[in-house]
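# Structural features, examined
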Amino acid sequence: MVEGPLTGPKMQAASDQAAYAPAGASAAPLDVTRRLARYLVSAQPAELPETVRKEAARTLLNWVGCAIGGSKHETLNIAIAALAPFSGPAQASILGRRERMDVLNAAFMNGVSSHIFDYDDTHLKTVIHPAGPVASAILALSEYRPVSGRDFVHALVLGVETECRIGNAVYPAHYNTGWHITGTAGVFGAAAAAGKILGLSEQQMVWALGLAATQPVGLREMFGTMTKSFHPGRAAHNGLTAALLASRNFTSSNRPLEAKSGWANVLSTSRDYSAIAEKLGETYEILLNTYKPFACGVVIHPVIDGCIQLRDQYKLTAEQIDRIELQIHPLVLELTGQKTPQTGLEGKFSVYYAAAVAIVQGAGGEKQFSDNLVRDPVLVALRDRVVATVDRSIREEQARITITLKDGRRLERYVENVLGSVRNPMSDRALDAKFLDLADGVLPPSQARGLLDLCRSVEKLDSAAEIAKAATV
């Protein structure tokens, strides 16, 4: 008997058999997605080392602070005004505000808010901002479906592990193509974390990852605009949507990551599948998470760090300086080469402005990236005396700064391990101070301090939703 075209399960089976790996790439295992899903479903909270649980609390604290800090920004005001008329029931909180929206829209808004200042956490191996997609999704979900603090932390860790491992598999080729990896990989983290809380089966988790794979979002072209913060917000929304659909047996490909027409092959020119599934449960990417001391693109942090050090040591003023020379990693100019920023958001992607404001203000917090300061005549004049050149021997977390004074003196500083990096991390005390500064003007001081304590002790909470309730006005 002659069979007709493949349909339904037969077509799916044929697709699943199409293993593919271009020459020079690591072989694509037939089951990399399923191996990841199996781990996510079987992993238990008791398996998490103490160091991992502590870093998860630091990650949560930093994310909550950033979301609260961005909550009054014009970007979020516009987003809420545009989408509130179409929101469903008031199920979940928007941090730092009194409005409530349905779970999906709340996840989106908190993801946007947490990235507005570009002050959120960074996995330096991939430049993914891990918490935005993951924490935004599961905190909103926790207000609808009760989840203990212990299980919340476990889901957060698994979500970060998922997005960063997938990011490791395609970075830097995927990023160099022009994708904003926080959005494109973050959606997997949100799906995995939400799926864990929803209690998905192995097959359902595979489907959730497949639904996530088909929803990539984020172009680097958008850096310096409101749309950059749209990316983690949409990744949170899309990942949560994927998990919710999968929980009702909405199907997808069984090999969405590794198939010939799957995510990794379509979105990247090279890939290493071993980075996704090897040593699951043995190593944890959240231990490589870092927290920004400066509210801008992480690649210009070494320049700010070095300029502040020179300013403080020699009591420098803008009027003394004839020229500032920067030797930097190639990615710095590629991402932050704007010479004449006109807004605070654009200033976050100008290494020239960053060097100038670090000298003049001795800081690089959110207040240093306001629209007014970016156009300040003193800063503009100093910014125009900054020269940046690429040195391919310098790593992303390094920079060499040479300042020539008008009296002829030359001052030099080499930043080997920038403040906030894995080798030179922010202390708990510094992270607490950052949180309280972000909450200042949004929450009363006593409420902010209480929220900080809740984040630090999240594993002890009966309900993770207590975090959301304590973070609203």
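As shown above, the structure is provided for reference.
A brief look at the structure comes next. Computed from a predicted structure; not experimentally measured.

Here we take up the overall build of the protein chain. Secondary structure assignment for the protein chain yields 22 helices and eight strands. For 473 residues, the compact-globule formula gives about 23 Å, and the C-alpha radius of gyration of the protein chain, at 23 Å, lands near that figure. In terms of its C-alpha atoms, the protein chain occupies a principal-axis envelope of roughly 90 × 55 × 45 Å. Contacts spanning at least 24 positions in sequence make up 78% of the contacts within the protein chain whose residues lie at least 6 apart. Roughly 18300 Å² of accessible area belongs to the protein chain as shown, and the carbon and sulfur atoms make up 52% of that amount. Separation of charge centres in the protein chain, based on 48 positive and 48 negative side chains, amounts to 0 Å.

This part is about the environment of Cys164. For Cys164, the position within the fold is in helix H7 (residues 149-170). Taking the C-alpha atoms as reference, Cys164 lies 7.3 Å from Ala185; in sequence the two are 21 residues apart. Dropping the residues within four chain positions of it, Cys164 is found in contact with His123, Thr126, Ile128, Pro130 and Glu285.

Here the structure, examined in full by the defined rule, presents five aromatic pairs. An angle of 75 degrees between the planes, with centres 5.5 Å apart, marks the rings of Phe108 and Phe230 as edge-to-face. Here Phe108, found in helix H5 (residues 103-115), pairs with Phe230, found in helix H11 (residues 227-247); they are 122 residues apart in sequence, far enough to count as distant. Of the residues examined, Phe108 reaches a relative accessible area of 4% and is grouped as buried.

Strand residues, when the strand is regular, have side chains that alternate between the two faces of the sheet. By the bridge criterion, six bridges tie strand S5 (residues 321-328) to strand S7 (residues 399-405) in an arrangement that is antiparallel. Among the inter-strand pairings, Ile321 is bridged to a residue of S7, identified as Leu405. Two strands pair when backbone bridges link them, and S5 and strand S6 (residues 386-390) are joined in this way by five bridges, in the parallel orientation. Across the sheet, Glu325 pairs through a bridge with Val387, a residue of S6.

Let's shift gears to the pattern of salt bridges. A full pass over the atoms with the stated rule returns 27 salt bridges. Note that Glu202 is salt-bridged to Arg34, the shortest N-O span being 3.0 Å. Residue Glu202 is located in helix H10 (residues 202-213), and its partner Arg34 is located in helix H2 (residues 32-42); the two are separated by 168 residues in the primary sequence. In this structure, Asp432 engages Arg456 in a salt bridge whose closest nitrogen and oxygen atoms are separated by 2.8 Å. Within this pair, whereas Asp432 is found in helix H20 (residues 428-439), its partner Arg456 is found in helix H21 (residues 445-456), the two being separated by 24 residues in sequence. On the basis of relative accessibility, which here comes to 16%, the residue Asp432 falls in the buried class. Here the salt bridges share partners, and the residues they tie into one network are Lys54, Glu55, Arg58, Asp428, Asp432 and Arg456.

Turning to the packing of H7 against helix H9 (residues 181-198), a few remarks are in order. Where H7 contacts H9, the axes come no closer than 7 Å and their chain directions differ by 145 degrees. The two elements H7 and H9 meet at a crossing, and its hand is right-handed. Residues His154, Ala155, Leu158, Gly159, Thr162, Glu163, Ile166 and Gly167 of H7 touch H9, and the partners they reach there are Ile181, Ala185, Gly186, Phe188, Gly189, Ala192, Ala193, Lys196 and Ile197. For the contact of H7 with H9, the residue count by class is nine nonpolar, six polar and two charged.

Residues Val64 and Leu451 are the most contacted members of the largest nonpolar core, which totals 95 residues. Here this core takes eleven residues from H7, the largest share from any one element. Setting aside its immediate chain neighbours within four residues, Leu451 contacts Val64, Ile68, Phe435, Leu443, Ile467, Ala470 and Ala471. Core analysis: the second largest hydrophobic core is formed by 64 residues, Ala185, Cys296, Ile304 and Leu335 among them.

Pairing is mixed across the open sheet formed by four strands, whose spatial order is S6-S5-S7-S8. Among the strands making up the open sheet, the edge pair consists of S6 and strand S8 (410-415). Shown here is a sheet whose adjacent strand axes are inclined to one another by a mean of 15 degrees, direction ignored. The strands touched by helix H14 (residues 301-314) within the sheet are S5, S7 and S8, with S8 carrying the most contacts at an inclination of about 135 degrees.

About the cut-offs
- Residues numbered from 1 in each chain as written.
- Predicted model: local features only at pLDDT ≥ 70, side-chain atom pairs only at ≥ 80, totals over all residues.
- Heavy atoms only, no water.
- Helix = DSSP H or I, 4+ residues; strand = E, 2+ residues; numbered from the N terminus.
- Rg over C-alpha atoms; globule rule 2.2 N^0.38 Å.
- Contact = heavy atoms within 4.5 Å.
- Areas by Shrake-Rupley, 256 points an atom, 1.4 Å probe, with all protein chains shown as cover.
- Lys, Arg positive; Asp, Glu negative; His and termini not counted.
- Charge placed at Lys NZ, Arg CZ, Asp CG, Glu CD.
- Phe/Tyr/Trp six-rings, centres within 6.5 Å; stacked < 30°, edge-to-face > 60°.
- Buried < 20%, exposed > 50% of the residue type's maximum accessible area, 1.4 Å probe, protein only.
- Pairing = 2+ DSSP bridges.
- Salt bridge = Lys/Arg side-chain N within 4 Å of Asp/Glu carboxyl O.
- Axes fitted to C-alpha atoms, helices over the stretch in contact; angles between N-to-C directions.
- Left-handed = near helix turned anticlockwise from the far one by under 90°.
- Nonpolar A, V, L, I, M, F, W, Y, C, P; charged D, E, K, R; others polar.
- Core = buried A, V, L, I, M, F, W, Y, C linked by side-chain atoms within 4.5 Å.

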